[in-house]
Amino acid sequence: MSPIRPARPNRSRRTALGVTLLTLAPLIGALPAAAAQPPAAAAATVEEQRLERAVPQEILRRSGFDAAAADFARTLDRVRSYTAAERAVVRHGSRLWQRAVDRAQGRGPAGGDMSRDDDRPLYWARLSMTRELRQWQAPFGLSDAARARLLDRLERSSRGQDTIRFPAAKTGAGKGTDTGTGTGTGTDKGLKRVLVTGFDPFTLDRDIRISNPSGATALALDGTVVRTADGPARIETAVFPVRWRDFADGTVERALRPHLPGVDLFATVSQGRVGRFDVERHNGAWRGGFGDNANESFTGTVPVDDPASQPQWTATTLPYREIVAADTGRFPVYDNTSVTEVPAGATAPVVRPDGPTPGSAARAGGGGDYLSNEIAYRATLLRDRLGLRELPGGHVHTPVLRFGAGNTTEVTDPEFERDRLDIVAQVRAIVTVAAGTP
């Protein structure tokens, strides 16, 4: 995900049986205590406020996702307890994710004339649902903390983060063949397990029409099987927000930690430079401060648990030589070794084309100093801290997805759709090469 340094092409979260909730709360930790006057519903976030603009409404309408929020609101109107609210949130969130996956993979009705591979309906529909939940006046005591937990469940379920499961048999069937562990430890030793992540659209105040090909890739690949040179591989995916706070709160580690010990390969994917793919060799422990989708900015060392043992750099273990050498599609693929560092004993940052030098402080990884670098840093640091240093994993940057020449107002066009399909197909090919490399 841009911004990427040093090139910088686009800088690129009733009571019952006569007993009140207040009485039950000490016994049932999941239930919030009742309040005489429930806290007022929160105002819409910066991301949610963008929903009122014409482009999001057109995308929702032309994809058939415009009814998701109203359907969710009707369900909330019937809810009478926190437990029922949590069930409703997870059900609607999971349904939204699966609907977007099915649409991208050609299952079910298209719902409109938008290209099926489009990732934007999921993004805008999710925001329409989080706004409903944020502003919902619950008929029971709902504290700010309890509402935040419901919002978190909605985010996770609508991003595929809590439905990452690998099958027990190599049928390539849907998620109903789950082993139940979610760790990829099934009975079929011949089926490789691959985890791929993508991102929401971003820089929306620059152009509200933006799509993110990494998010489209996640929808297209979720639950699919690819045939590699080393046998079949099942791919599971999830999408992450473009928000600094969510990353500081550990959303990446929480989603990936249960699964990394059981996978054969992982790849975090985001949008990067114009006209090229990059396999990022090094990831840096630095936030560069570019504004996120909440219009917030943070600069400094990437915040992680146990900062005393935090390295300045982590490295890819993806088979970058094989990926770069393979014919994966029409865009060139590069092994990107460049970083920006403050050398040991120095105070000014310098660009190192061949990677970091010993004792240096990170200022930008190969993937820059934004959230694409950070997800790569967090995922590979987690890999190392789990003792999985030989597990192939790292970051892939896709080309920037751009509209056709002269298109400054339309939400889509033939060149835009062609390039997104080509990028998705090439990520699939890159993953196939990586998973098939011994």
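Residues numbered from 1 in each chain as written. Predicted model: local features only at pLDDT ≥ 70, side-chain atom pairs only at ≥ 80, totals over all residues. Heavy atoms only, no water.

## Description of the overall build of the protein chain
Going by this rule: Numbering of helices and strands runs from the N terminus; a helix is a DSSP stretch of H or I covering at least four residues, while a strand is a stretch of E covering at least two. Each accessible area is a Shrake-Rupley estimate made with a 1.4 Å probe; only the visible protein chains count as cover when residues are assessed.
Helices and strands together make up the secondary structure of the protein chain, namely 13 helices and 14 strands. Accessible area of the protein chain: about 17,200 Å², with a carbon and sulfur share of 53%.

## Section: the packing of aromatic side chains
Note the cut-off: Pairing of aromatic side chains requires ring centres within 6.5 Å, counting the rings of Phe and Tyr and the six-membered ring of Trp. Pairs whose planes differ by under 30 degrees are stacked, by over 60 edge-to-face, and all others tilted. Three labels apply to residues, based on accessible area from a 1.4 Å probe with only protein chains included: buried if under 20% of the type maximum, exposed if over 50%, partly exposed otherwise in between. By the criterion adopted, a ring carries a charge over it if an Arg CZ or a Lys NZ lies within 6 Å of its centre and within 35 degrees of its normal.
Under the criterion given, the structure shown has 9 aromatic pairs. Considering the side-chain rings of F277 and F331, the 6.2 Å spacing of their centres and the 65° angle between planes classify their relative orientation as edge-to-face. Of this pair, F277 sits in strand 5 (residues 277-280) while F331 sits in the loop between helix 11 (320-325) and strand 10 (333-336); the two residues are 54 residues apart in sequence, bridging distant segments of the chain. According to the relative accessible area criterion, F331 is buried, its value standing at 12%. If you follow R276 out to its NZ or CZ, it ends over the ring of Y334, 4.0 Å from the centre.

## Quick notes on the environment of T409
Among the secondary structure elements, T409 is positioned in the loop between strand 14 (393-398) and helix 13 (414-435). It is 9.5 Å that separates the C-alpha atoms of T409 and D207, two residues lying 202 residues apart in sequence.

## Quick look at the sheet that holds strand 12 (residues 350-352)
To keep it simple, the criterion reads: DSSP bridges decide pairing: two strands pair if at least two such bridges lie between them. Angles run from 0 to 180 degrees between N-to-C directions of axes, and those axes are lines fitted to C-alpha atoms, restricted for helices to the stretch in contact.
Pairing is antiparallel in the open sheet, where 3 strands are placed in the order 12-11-13. The open sheet is flanked by strand 12 and strand 13 (361-364), the only strands paired with a single partner. Looking at each pair of strands side by side, their axes are set apart by 45° on average, direction ignored. As paired elements, strand 11 (residues 339-342) and strand 13 share 3 bridges and run antiparallel to each other. Of the residues in strand 13, the one forming a bridge with V342 is A361.

## Some thoughts on the nonpolar core
The line we're drawing: Definition of nonpolar core: a set of buried residues of the types Ala, Val, Leu, Ile, Met, Phe, Trp, Tyr and Cys, connected through side-chain atoms within 4.5 Å.
Counting residues in each nonpolar core, the largest one holds 42 residues, and the members touching the most others are W124, L133, W136, F140, L142 and L150. Looking at this core, the elements with two or more residues in it are helix 3 (54-63), helix 4 (68-77), helix 5 (82-104), helix 6 (120-134), helix 7 (144-158) and helix 8 (213-221). Sort the elements by how many residues they give to this core and helix 5 lands first, with 10 residues. Ranked by size, the runner-up nonpolar core spans 24 residues in total, among them F240, W244, A379 and L391.

## Let's talk about the pattern of salt bridges
Cut-off, in case you're wondering: Take a side-chain nitrogen of Lys or Arg and a carboxyl oxygen of Asp or Glu: if they are within 4 Å of each other, that pair is a salt bridge.
Throughout the structure, instances matching the rule amount to 37 salt bridges. D278 is paired through a salt bridge with R276; the nearest N and O atoms lie 2.5 Å apart. When its relative accessible area of 0% is taken as the criterion, D278 is described as buried. Since its relative accessible area comes to 23%, R276 is described here as partly exposed. Salt bridges here are not isolated pairs; linked through shared partners, they connect E47, R126, E155, R159, D200, R243 and D246.

## Brief notes about the environment of H397
Condition: Between N or O atoms, a polar contact is any pair within 3.5 Å; within protein, one atom must be a potential hydrogen donor and the other a potential acceptor, and residues adjacent in sequence are included only when both atoms are from side chains.
By secondary structure assignment, the location of H397 is in strand 14. The exposure class of H397 is buried, given its relative accessible area of 0%. The spatial distance from the C-alpha of H397 to the C-alpha of N373 is 9.8 Å, given a sequence separation of 24 residues. Here S372 takes part through its side chain, which lies 3.2 Å from a polar atom of the side chain of H397.

Read these as layout, nothing more, since geometry by itself doesn't imply function.
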